[in-house]
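Here is how the chains run, residue by residue.
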Amino acid sequence: MTQVTNSPPALAPNASMLTRIRVALNALRILKDDPANPDYARTLHISLDDSTYARLGRQLRESPDFRRLLDERPTVPGDVDLETLARLPAGTLGHEFAHYFRANGIQPFTYEYPVETDGDYLYKHYRETHDIHHLITRYGIDPTGELELQAFYFGNLGLRHAALIALLSFPYVLTQRGLDFRALRDHFRRLRAAYRRGKRSRNLLSVDYGELWTTPVSELSERFCQPARS
């Protein structure tokens, strides 16, 4: 894997959408070879979704049920370590969360950037809970599952970067499958189903997952994610 040592370029607050798309595409090019690079991941999100996270923050502020999340800004997994979570009963969010990281040889995401606004926090919350979203939506961590989750995010949160990733997957699928248009049609149907499911489901960033470690993942899936449809 190629490790990137240079920093992404700064993006002016009043940058045009064309500039933002260009910066996002460059970030995706870097992340293709260095997917864990936090600087370019943040650049990808901020280039297209700084206003999206701000809007989501305003929406959550309007509800007393969700305002506490923005006021307290909990961290995931917070003060609970993976060893403790792994001892919870099989099938619970905590147990499956710990197993997920152990099975993939990784550690939970850490966030090293300033958190000054609700939008900043929601991006941080997204990064920290992305793997939980894989668990409760049942979308795998393989390329197809990741793309389905991105389509779900576009429907659920309106994240533009997620739409861009899903859009860019179509020419890739077409060329990798030898111009197999049936495969392309199947790919489109899967992403469309994920998008529609996201539209019907609860805002995944409105959830304080740290309060739910002992809850079965199956129950959380039913509570927060509408059933998949074709």
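Every residue gets a number counted from 1 within its own chain, in the order that chain's sequence is written. Under the rules for a predicted model, residues below a pLDDT of 70 receive no local features and side-chain atom pairs below 80 are neither given nor counted, while totals for whole chains, interfaces and linings still include all residues. Calculation of side-chain values draws on the structure's entire complement of heavy atoms; hydrogens and water are dropped beforehand.

Draft legend 1. Local environment of the overall build of the protein. Working definition: helices are DSSP H or I runs of at least four residues, strands are E runs of at least two. Numbering for both runs from the N terminus. Counting its secondary structure elements, the protein contains ten helices and zero strands. Mapped in sequence order, the helices and strands of the protein form the string α-α-α-α-α-α-α-α-α-α. For the protein, the C-alpha radius of gyration of 18 Å lies close to 17 Å, the compact-globule estimate for 230 residues. Principal axes of the C-alpha set define a box for the protein whose edges measure 45 × 40 × 35 Å. Between two residues, a contact is recorded if the distance between any of their heavy atoms is within 4.5 Å. Relative to all contacts within the protein whose residues are 6 or more apart in sequence, the contacts with residues 24 or more apart total 67%. Radius of gyration here is computed from C-alpha atoms only, and the compact-globule reference equals 2.2 Å multiplied by the residue count raised to the power 0.38.

Draft legend 2. Main features of the side chain of Ser206. Relative to the elements of secondary structure, Ser206 occurs in the loop between α9 (181-200) and α10 (217-224). Think of it in three bands: residues with accessible area under 20% of the maximum for their type are buried, residues over 50% are exposed, and the middle band is partly exposed, with areas taken using a 1.4 Å probe on protein chains only. Relative accessible area serves as the criterion here: at 5%, Ser206 is assigned to the buried category. In protein, a polar contact means a hydrogen-donor-capable atom and an acceptor-capable atom, both N or O and within 3.5 Å, with residues adjacent in sequence counting only if both atoms are side-chain atoms; elsewhere, any N or O pair within 3.5 Å suffices. Engagement of the side chain of Ser206 in a polar contact is seen with the side chain of Arg202, the distance being 2.9 Å. A distance of 2.6 Å separates the side chain of Ser206 from the backbone oxygen of Asn203, its partner in a polar contact. Among all residues touching Ser206, those that are not within four sequence positions of it are Leu60, Phe66 and Leu69.

Draft legend 3. Expanded view of a positive patch on the surface. Surface patches are defined over residues having more than 30% relative accessible area and no salt bridge, joining like charges when they lie within 9 Å and nonpolar side chains (Val, Leu, Ile, Met, Phe, Trp, Tyr) when within 5 Å. All accessible-area figures derive from a Shrake-Rupley calculation using a 1.4 Å probe, and residue coverage is judged against the displayed protein chains alone. For salt bridges, the criterion is a side-chain nitrogen of Lys or Arg within 4 Å of an Asp or Glu carboxyl oxygen. Under this rule, positive means Lys or Arg and negative means Asp or Glu; His and the chain ends count for nothing. In plain terms, the charge of a residue is placed at NZ if it is Lys, CZ if Arg, CG if Asp and CD if Glu. A cluster of basic residues, Arg185, Arg189, Arg192 and Arg196, forms a positive patch on the protein surface. For Arg185, the location among the structural elements is in helix α9.

Draft legend 4. Main features of the packing of helix α7 (residues 143-157) against helix α8 (residues 160-176). Axis definition: a line fit to C-alpha positions, over the contact stretch in the case of helices; interaxial angles, taken between N-to-C directions, run 0 to 180 degrees. At a minimum axis separation of 8 Å, α7 and α8 run at an interaxial angle of 135 degrees. Put simply, α7 runs oblique to α8. In this structure, α7 crosses over α8, and the sense of that crossing is left-handed. Two secondary-structure elements touch here, α7 through Leu147, Gln150, Tyr153 and Phe154 and α8 through His161, Ala162, Ala163, Ile165, Ala166 and Ser169. Reported orientations rely on four angle classes, namely roughly parallel under 35 degrees, roughly antiparallel over 145, roughly perpendicular from 65 to 115, and oblique for the rest. Take the far helix as your reference; a near helix turned counterclockwise from it by less than a right angle gives a left-handed crossing, and one turned clockwise gives a right-handed crossing.

Draft legend 5. Looking closely at the packing of aromatic side chains. Ring geometry is summarised as follows: Phe, Tyr and Trp rings, the Trp one being its six-membered ring, pair when their centres sit within 6.5 Å, and such pairs are stacked at plane angles under 30 degrees, edge-to-face over 60 and tilted between the two. By the definition in use, this model includes eleven aromatic pairs. Measuring from centroid to centroid gives 5.2 Å for Tyr111 and Tyr113, while their planes differ by 70 degrees, and the two rings are edge-to-face. One exposure class covers both Tyr111 and Tyr113, and it is buried. Pairwise contacts between aromatic rings join Tyr53, Phe109, Tyr111, Tyr113 and Tyr123 into one cluster. One Lys or Arg, Arg42, reaches over the ring of Tyr113 and ends 4.8 Å from the middle of that ring. As a reminder, the over-ring test applies to NZ of lysine and CZ of arginine, requiring each to be within 6 Å of the ring centre and within 35 degrees of the ring normal.

Draft legend 6. Structural view of the nonpolar core. Residues grouped as a nonpolar core are buried Ala, Val, Leu, Ile, Met, Phe, Trp, Tyr and Cys residues, joined through side-chain atoms within 4.5 Å. Among the nonpolar cores identified, the biggest contains 56 residues, and Leu93, Phe97 and Ile136 are the most heavily contacted of them. The residues touching Phe97, leaving out its near neighbours within four places in the chain, are Val76, Pro77, Leu82, Leu85, Pro108, Ile132, Leu135 and Trp213.

Draft legend 7. Broad picture of a nonpolar patch on the surface. Side chains of Met17, Ile21, Leu25 and Leu168 sit close together on the surface and give an oily, nonpolar patch of about 300 Å² of accessible area. With three residues, the single largest contributor to the nonpolar patch is helix α1 (residues 17-33). Mapped onto the elements of the fold, Leu168 is located in helix α8.

Draft legend 8. Looking closely at the pattern of salt bridges. By the definition in use, this model includes eleven salt bridges. Between Arg61 and Asp118 there is a salt bridge, with its nearest N and O atoms 2.8 Å apart. In this pair, Arg61 sits in helix α2 (residues 38-61) while Asp118 sits in helix α6 (residues 118-137), placing the two residues 57 residues apart along the sequence. Residue classification places Asp118 among the buried positions, given a relative accessible area of 16%. The partner of Glu83 in a salt bridge is Arg102, and the shortest N-O contact between them spans 2.9 Å. Residue Glu83 is located in helix α4 (residues 82-86), and its partner Arg102 is located in helix α5 (residues 93-104); the two are separated by 19 residues in the primary sequence. Note on Glu83: relative accessible area 47%, which makes it partly exposed. Residues joined in a network through salt bridges with shared partners are Arg61, Asp71, Arg73 and Asp118.

Draft legend 9. Inspection of the packing of α2 against α8 at higher detail. Packing of α2 against α8 brings their axes to within 7 Å, and their N-to-C directions diverge by 135 degrees. Accordingly, the angle class assigned to the pair α2 and α8 is oblique. Here Leu44, His45, Leu48, Asp49, Ser51, Thr52 and Tyr53 of α2 lie close against α8, whose contacting residues are Arg160, His161, Leu164 and Ile165. In this count, Pro and Cys sit with the nonpolar residues alongside Ala, Val, Leu, Ile, Met, Phe, Trp and Tyr, while Asp, Glu, Lys and Arg are called charged and the others, Gly among them, polar. The residue inventory of the contact of α2 with α8, partitioned by class, reads five nonpolar, four polar and two charged.

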